[in-house]
Amino acid sequence: METTQRVEIDGARVQSLLDELHAIGRRPVGGTFRGLYSEAWREAHARIKGWMAEAGLEVRVDAVGNIWGLVPGREAGPPIVAGSHYDTVPDGGKYDGQLGHVGALVAVEALRRQLGQPRRSLAVLAACEEEGSRFTCNFWASRAITGAIGADEPYQLRDFDGVLLADEMRASGFDPARVAEAATNEIGAFLELHIEQGPILGRMADAAGASAPRIVGAVTAITGTGRLLVTLTGQPDHTGTTPMPGRRDALLGAAEVALALREMALGVGPLARLTVARMEVFPNIPNVVAGEVRFTVDARHPEPAVELQLMESARQRAHDAARTRGLECRVDELWNQPPVQMAPALVETVRQSIAALGYRPVDIVAGAGHDSQLLGRRFPTAMIFTITGNGGRSHCPDEYASPEDCQAGVEVLAEALRRLAY
Ligand code: GLV
Ligand code: MN
Ligand code: MN
């Protein structure tokens, strides 16, 4: 039977590193934005690299800006890797992604200091991009690591201001022609600590009461995410002189689709999500009927067939709305990341690590996208979820995780790494 040798985690250090990062890219009002290869991203990149070097890790930056901090083990073989992403959504919070790589750094530092050199190599991974919120580049870090980025992508992808990804790569010191060099097989297993970003664990904790053991989540699967870009084209006309009947108003078509998709997701079941959250209206003038609207559809479900069905239904619904309103409709699939199951043996290690520390393990399906989604298809992967405060709000400035929950998450990560690497 596995014994537990409690690794002491410096919770104050976790908080101070999270605070430092949150200040990089902080907007005067609201949260932080560190889009891939932006100025704020570059500053965070340098800071994290510095932290890993100060901690005595062997630091390597790969061809896209992933930062790897290695602790060589006594035995040969690929390292046990822990980490998450350091980019953020616009007006993002302090914890999404950041708890994962900061927690990995603090856990690995503690393990080394308290237990010495590991048997198996350990590595901290600060992944350059997961959010897809500057370029629609869709898991840039983990796609680079798994060799899934097309050679032409840096020259095709533009941000919402039209800036080319290749140019921003060069400005950040990376060569867009060398993206393929970031691919590696040197991952023995991957562990990602993350806030849940939803209300499930927090509600369970509230129901259990303050004296019950703290809840930590063991992720069993990550939901699939599909993204469509719908373009509805009608006719721009004068809003005062054009009678209401006969208009070809693209915005009404988009509004109809957005409302219908909500009902559609509710009809499929509690794990289905269909969301229209980004819309561009042309010409976007109060006294011109909208001639064209482009909007995204974000579709999610943990079962591959249902996720695909949601995307197909959304596509059909957009075409139906176009037909009845005299619009043209084009639907492009921006990406589709199918759901992924976490590695059962690693999930069990996570559960046992949670229980061994006196916390209560709860199995949970991840509803957000994660680096583990891509890495989990290639390498044994598992995730640890901590309770998210403020009712689970995330991707917003109000994102919160208590210092106690952060500390518990890092303790579980350290214990799981100890079980795997010592
Ligand atoms: C990323 O966090 C996503 O789930 O969209
Ligand atoms: Mn994240
Ligand atoms: Mn996120």
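Throughout this description, residue numbers start from 1 for each chain and increase along the sequence as written. Starting at A for chains and at 1 for ligands, labels are handed out in the order in which the entities are written. Only residues with pLDDT of at least 70 get local features here, since the model is predicted, and only at 80 or more are side-chain atom pairs given and counted; chain-wide, interface and lining totals rely on the full set of residues. Hydrogen atoms and water are omitted, and side-chain values are computed over all heavy atoms in the structure.

**Observations concerning the overall build of the chain**
The way it works is that DSSP assigns letters per residue, a run of H or I at least four long becomes a helix, a run of E at least two long becomes a strand, and they are numbered from the N terminus. In terms of helices and strands, the chain carries 12 helices and 14 strands. Computation of the radius of gyration draws on C-alpha atoms alone. For the globule rule, the value is 2.2 Å times the number of residues to the power 0.38. The C-alpha atoms of the chain give a radius of gyration of 23 Å, which matches the 22 Å a tight globule of 422 residues would have. Taken along the three principal axes of its C-alpha coordinates, the chain extends 80 × 50 × 40 Å. Here the chain, with 422 residues, has 56% of them falling under the buried criterion. Restricting to contacts in the chain with at least 6 residues of sequence separation, those with at least 24 account for 78%. Only carbon and sulfur atoms are counted for the fraction: they give 51% of the accessible area of the chain, which is about 17300 Å². Charge assignment in this entry is limited to Lys and Arg as positive and Asp and Glu as negative, and neither His nor the chain termini are counted. Lys charges are placed at NZ, Arg charges at CZ, Asp charges at CG and Glu charges at CD. The centroid of the 42 positive side-chain charges in the chain is displaced by 1 Å from the centroid of its 53 negative side-chain charges. Exposure classes here rest on a 1.4 Å probe applied to the protein chains alone. A residue is buried below 20% of its type maximum, exposed above 50%, and partly exposed in between. Working rule for contacts: check all heavy atoms of both residues, and any pair within 4.5 Å makes them a contact. What sets the accessible areas is the Shrake-Rupley method with a 1.4 Å probe; for residues, cover comes only from the shown protein chains.

**Some thoughts on the layout of surface pockets**
Here the largest pocket is characterised by a volume of approximately 1600 Å³. Lining of the largest pocket is provided by 50 residues; of these, Thr225, Arg227, Asp298, Arg300 and His395 occupy positions nearest its centre. Mapped by element, the contributors of at least two residues to the lining of the largest pocket are β7 (224–233), β8 (273–275), β10 (292–301), β11 (328–337) and β13 (360–366). It is β10 that provides the largest number of residues to the lining of the largest pocket, a total of four residues. Only Asp, Glu, Lys and Arg are considered charged in this grouping, and only Ala, Val, Leu, Ile, Met, Phe, Trp, Tyr, Cys and Pro are considered nonpolar; every other residue, Gly among them, is considered polar. Among the residues forming the lining of the largest pocket, the class breakdown is 21 nonpolar, 15 polar and 14 charged. The pocket and cavity definitions rest on a 1 Å grid over protein atoms only: a 1.4 Å probe that fits but cannot leave marks a cavity, an open set with protein on both sides within 12 Å along at least five of seven lines marks a pocket, and residues lining either have an atom within 4 Å of a point. Grid points are joined across faces, edges and corners, and a volume is the space filled by probe spheres set on the points.

**A few points about the coordination of the manganese ion (ligand 2)**
Counted as donors are N, O and S atoms no farther than 2.8 Å from the metal, or 3.2 Å for Na, K and Ca; water is not among the atoms, and sites may therefore look incomplete. Binding of the manganese ion (ligand 2) to the protein goes through His85 (NE2), Asp96 (OD) and His194 (NE2), at separations of 2.0 to 2.3 Å. We note that the donor set of the manganese ion (ligand 2) lies within a single chain, spaced as H-x10-D-x97-H.

**Description of the coordination of the manganese ion (ligand 3)**
At 2.1 to 2.4 Å from the manganese ion (ligand 3) lie its protein donor atoms, namely Asp96 (OD), Glu131 (OE), Glu131 (OE) and His395 (NE2). Every donor residue of the manganese ion (ligand 3) comes from the same chain, spaced as D-x34-E-x263-H. Here the manganese ion (ligand 3) and the manganese ion (ligand 2) are spaced 3.6 Å apart, linked through Asp96, which binds each one. Placement of Asp96 in the loop between β3 (80–85) and α3 (98–115) and of His395 in the loop between β14 (381–386) and α12 (403–421) is noted, with a sequence separation of 299 residues between them. Note on His395: relative accessible area 41%, which makes it partly exposed.

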